[in-house]
Amino acid sequence: MKVLVLGSGAGGGCPQWNCNCALCASARNGSRKIRPRTQSSIAVSPDGERWVLLNASPDIGQQLRTQPLLHPQKGLRDTPIKAVVLMDAQIDHATGLLSLREGPPIELYVTPCVFEDLTTGLPVLKVLEHYCGVHLHLLPVAGDQRLAEFPVEGFEGLRFRAIAIPGKAPPYSPHRHQPTVGDNIALEITELATGKRLFYAPGLGEVGPSEQAWMRDADCVLVDGTFWTEDEMVRAGLGSKFAADMGHLPQCATATRPGMMDALDQTGAKRKLLIHINNSNPILDDDGAERAELARRGIEVAHDGMEITL
Ligand code: MLT
Ligand code: MN
Ligand code: ZN
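Quick summary incoming for the structure in this document. Bear in mind the structure is a predicted one, so any value in this text is a computation, not a measurement.

## Here we look at the environment of S240
Part 1 of the argument: With respect to the helices, strands and loops of the structure, S240 is situated in the loop between α7 (232–235) and α8 (260–266).
Part 2 of the argument: A relative accessible area of 62% places S240 in the exposed class.
Part 3 of the argument: Residues S240 and A186, 54 residues apart in the sequence, show an inter-C-alpha distance of 27 Å.
Part 4 of the argument: Residues in contact with S240, not counting those within four places in the same chain, are V234 and D245.

## Examining the pattern of salt bridges
Part 1 of the argument: Tallied over the entire structure, the rule returns 16 salt bridges.
Part 2 of the argument: Linking R235 and D231 is a salt bridge whose minimum nitrogen-to-oxygen distance equals 2.9 Å.
Part 3 of the argument: Across the pair D286 and R291 runs a salt bridge, and its minimum N-O distance is 2.8 Å.
Part 4 of the argument: One salt-bridge network, held together by shared partners, links E149, R159, R161, E188 and R197.

## Structural notes on the sheet that holds strand β9 (residues 185–191)
Part 1 of the argument: Overall, mixed pairing links the 7 strands, which are arranged β7-β8-β9-β10-β11-β12-β13 in an open sheet. Both outer strands of the open sheet, β7 (147–150) and β13 (299–301), are each paired with one neighbouring strand and no more. On average, each strand axis in the sheet is tilted by 20° relative to the strand beside it, whichever way the strands run.
Part 2 of the argument: Pairing of strand β11 (residues 220–224) with strand β12 (residues 271–275) involves 5 bridges; the strand directions are parallel. Within the sheet, the bridge partner assigned to V221 lies in β12 and is K272.

## Observations concerning the coordination of the manganese ion (ligand 2)
Part 1 of the argument: Distances from the manganese ion (ligand 2) to its protein donors, namely D92 (OD) and H276 (NE2), fall within the range 2.0 to 2.2 Å. With D92 in helix α3 (residues 91–94) and H276 in the loop between β12 and α9 (289–296), this residue pair connects regions lying 184 residues apart in the sequence.
Part 2 of the argument: A relative accessible area of 8% places D92 in the buried class.
Part 3 of the argument: When its relative accessible area of 5% is taken as the criterion, H276 is described as buried.

## Remarks on the sheet that holds strand β3 (residues 51–54)
Part 1 of the argument: Spatially, the 7 strands line up as an open sheet ordered β6-β5-β4-β3-β2-β1-β14, and their pairing is mixed. The outermost strands of the open sheet, each flanked by one partner alone, are β6 (134–138) and β14 (307–309). Taken over all neighbouring pairs, the strand axes of this sheet differ in orientation by 25° on average, direction set aside.
Part 2 of the argument: Across 5 bridges, strand β5 (residues 106–110) lies against β6 in parallel orientation. By the bridge assignment, Y109 is partnered in β6 with H137.

## Some words on the coordination of the zinc ion (ligand 3)
Part 1 of the argument: Around the zinc ion (ligand 3), the protein contributes the donor atoms C19 (SG), C21 (SG) and C24 (SG), which lie 2.3 Å from the metal centre.
Part 2 of the argument: Within one chain, the residues serving as donors to the zinc ion (ligand 3) are arranged as C-x1-C-x2-C. The pair C21 / C24 is uniform in exposure class, with both members buried.

## Some remarks on the site of ligand 1
Part 1 of the argument: Close to ligand 1 lie G11, D92, M246, H248 and H276, which account for all nearby residues.
Part 2 of the argument: Between ligand 1 and the protein, one listed contact pairs an oxygen atom with a side-chain N or O atom of D92 at 3.0 Å.
Part 3 of the argument: Within the contact set of ligand 1, an oxygen atom lies 2.9 Å away from a side-chain nitrogen or oxygen of H248.
Part 4 of the argument: Isolated, ligand 1 exposes 270 Å² of accessible area, and the fraction of that covered by the protein chains is 72%.

## Observations concerning the nonpolar core
Nonpolar side chains in soluble globular proteins tend to end up buried together.
Part 1 of the argument: Counting residues in hydrophobic clusters, the biggest one holds 35 residues, and the most contacted among them are I42, L54, L187 and L198.
Part 2 of the argument: The element contributing the most residues to this core is strand β8 (residues 158–164), with 4 residues.
Part 3 of the argument: For L198, the contacting residues outside a window of four places in its chain are M1, V3, I42, V44, L187, E188, I189, C220, L222 and L310.

Each value, and the rule that gives it
- Residues numbered from 1 in each chain as written.
- Chains lettered and ligands numbered in written order.
- Predicted model: local features only at pLDDT ≥ 70, side-chain atom pairs only at ≥ 80, totals over all residues.
- Heavy atoms only, no water.
- Helix = DSSP H or I, 4+ residues; strand = E, 2+ residues; numbered from the N terminus.
- Buried < 20%, exposed > 50% of the residue type's maximum accessible area, 1.4 Å probe, protein only.
- Contact = heavy atoms within 4.5 Å.
- Salt bridge = Lys/Arg side-chain N within 4 Å of Asp/Glu carboxyl O.
- Pairing = 2+ DSSP bridges.
- Axes fitted to C-alpha atoms, helices over the stretch in contact; angles between N-to-C directions.
- Donors = N, O, S within 2.8 Å, 3.2 Å for Na, K, Ca; no water.
- Near = heavy atom within 4 Å.
- Polar contact = N/O pair within 3.5 Å; in protein donor to acceptor, adjacent residues only side chain to side chain.
- Areas by Shrake-Rupley, 256 points an atom, 1.4 Å probe, with all protein chains shown as cover.
- Core = buried A, V, L, I, M, F, W, Y, C linked by side-chain atoms within 4.5 Å.

Put into structure tokens, the structure is as follows:
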């Protein structure tokens, strides 16, 4: 199984268009080793030819232009992207669907909650009805059902499992203030022939016993790397929201909860990577002390264009 990191940044990417914080400024002027990052998305393939897109970033145009494996291969109009699975209905994960409107109907896999958000608060699916339209595949993660195994047409060699995880619905969601099963999912993808297993959760608000169990023996975990500390946005004067307000578990522990580094220390996963890195997060600096701390713990930071073979 092949994994391509198309976008490793959180909302806004890095540098963010209007941001002059120390990290964004350094990313622009090259004074520190900070790679540019587009907004959050990966693609997965059993053979390097047919790909499932996990999240559709507003930067998808740039991502597909710069990734030869995802260029059209044959015929006048073509794409190796055969299906799209969304982890949530956030702008950075869903609005790239609009940029796929020139293609065939999108084979789209979402939970009922995400479908609701994308037909009400952020009605991109209604807009797409006027273009390519979507073939909707609802993932039954709702109510008491926290886990759904589902097939993706044309990818019979892969087993997909959608898992309800703690997080937040987006600000424009009708249920923003009533956390609902299906607002946020993680995806486990297993290659049946080899048993290799990927756990992907770019937005993960908490790592409890069940998330810990999913990650335990994965061959690769790609999880929420948004923030280094709970209050970094507030401290840097970049905003008023804390990591918990946004449904993200920071890498560092707070007085009340362990951080993502502690959670990853406990997993036996073979590769541990952070993705969806916000432009306020000091781990963006390849030569920084925070990055050295991650390296010491065997944790990698995903970057755009990264290829992972499991
Ligand atoms: C989030 O995950 O909280 C987002 O990156 C916020 C955004 O897209 O503005
Ligand atoms: Mn995001
Ligand atoms: Zn910035």
